[in-house]
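Chain by chain, the residues:
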Amino acid sequence: MPLNAQDIGFRYGKGPWLFRRAAIELAEGEIVGLVGPSGIGKSTLARILAGFERPLEGTVSLDGRALPADGYHPVQLVMQHPEKSVNPRWRMRDILFEGWKPDAAFLDALGIREEWLNRWPNELSGGELQRVCVARALGPKTKYLIADEMTAMLDAMTQAQLWRTVLEQAAERRIGVLVVSHDERLTKRLCSRVIEFHTFRA
């Protein structure tokens, strides 16, 4: 069930093209890097792959079919700034359990404490909030994870714990992971192959 993006192009309004002819194929269980400097359009492409934006050119498909428009999305996105991806009016328990209900062992693997789930998003640190966002994204129906600078703002210990759990889940459940980053050392360490974003520039 490969995730396939072909000839993707995007720009805002009548502005210059951010990228054109972007092509990414990601297989089940494959860890692939997408690397490039900040502000080049990586996050926009990540949002397109996860169905949050519609490309102006090209198509994104899963196993040869268009991505679903409703229901639990098989391609999940974890963004750099977790506060932008949660409802500030929901407690963490509601945010996490909206898609699925992970067991205590899974939460422990991500370093999530039970008491966090009764708090509001603004009562957690960035690292704590990101752990919950990763847990939410790794639901049982997830086939692909787009990690957009997922650990760029976190301390080294939190980074290591999150990536360890993500890679374990990817290996165990055959989840494909696209590591979107400006950090070439990170992508080379985690990924079986790395795509240079500049090849998509218009």
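Our subject is the structure listed above.
Note that the structure is a prediction, hence the values are computed from the model and not measured. (Residues numbered from 1 in each chain as written. Predicted model: local features only at pLDDT ≥ 70, side-chain atom pairs only at ≥ 80, totals over all residues. Heavy atoms only, no water.)

**Some words on the overall build of the protein**
Logical step 1: Within the protein one finds six helices and nine strands.
Logical step 2: Structurally, the protein occupies a C-alpha span of about 50 × 35 × 30 Å along its principal axes.
Logical step 3: Here the protein, with 202 residues, has 48% of them falling under the buried criterion.
Logical step 4: Residue pairs at least 24 apart in sequence account for 75% of intrachain contacts in the protein once pairs closer than 6 positions are excluded.
Logical step 5: Summing over all exposed atoms, the protein offers an accessible surface of approximately 10,500 Å²; the carbon and sulfur share of this is 48%. (Helix = DSSP H or I, 4+ residues; strand = E, 2+ residues; numbered from the N terminus. Buried < 20%, exposed > 50% of the residue type's maximum accessible area, 1.4 Å probe, protein only. Contact = heavy atoms within 4.5 Å. Areas by Shrake-Rupley, 256 points an atom, 1.4 Å probe, with all protein chains shown as cover.)

**Topic: the pattern of salt bridges**
Logical step 1: This structure, assessed with the given rule, holds six salt bridges.
Logical step 2: Between Arg193 and Glu30 there is a salt bridge, with the nearest N and O atoms lying 2.8 Å from each other. In this pair, Arg193 is assigned in strand β9 (residues 193–196) and Glu30 in the loop between β2 (19–26) and β3 (31–35), connecting sequence segments 163 residues apart.
Logical step 3: Note on Arg193: relative accessible area 33%, which makes it partly exposed.
Logical step 4: The salt bridge partner of Arg185 is Asp183, with a shortest N-O separation of 3.9 Å. (Salt bridge = Lys/Arg side-chain N within 4 Å of Asp/Glu carboxyl O.)

**Remarks on the packing of helix α4 (residues 126–137) against helix α5 (residues 156–173)**
Logical step 1: Taken N-terminus to C-terminus, the directions of α4 and α5 make an angle of 5°; their axes are 11 Å apart at the nearest point. By the angle class used here, α4 and α5 are roughly parallel. Counting all contacts with α4, which are made through Gln130, Arg131 and Val134, the residues of α5 involved are Thr158, Gln161, Leu162 and Val166.
Logical step 2: By residue class, the composition of the contact of α4 with α5 is three nonpolar, three polar and one charged. (Axes fitted to C-alpha atoms, helices over the stretch in contact; angles between N-to-C directions. Parallel < 35°, antiparallel > 145°, perpendicular 65-115°, else oblique. Nonpolar A, V, L, I, M, F, W, Y, C, P; charged D, E, K, R; others polar.)

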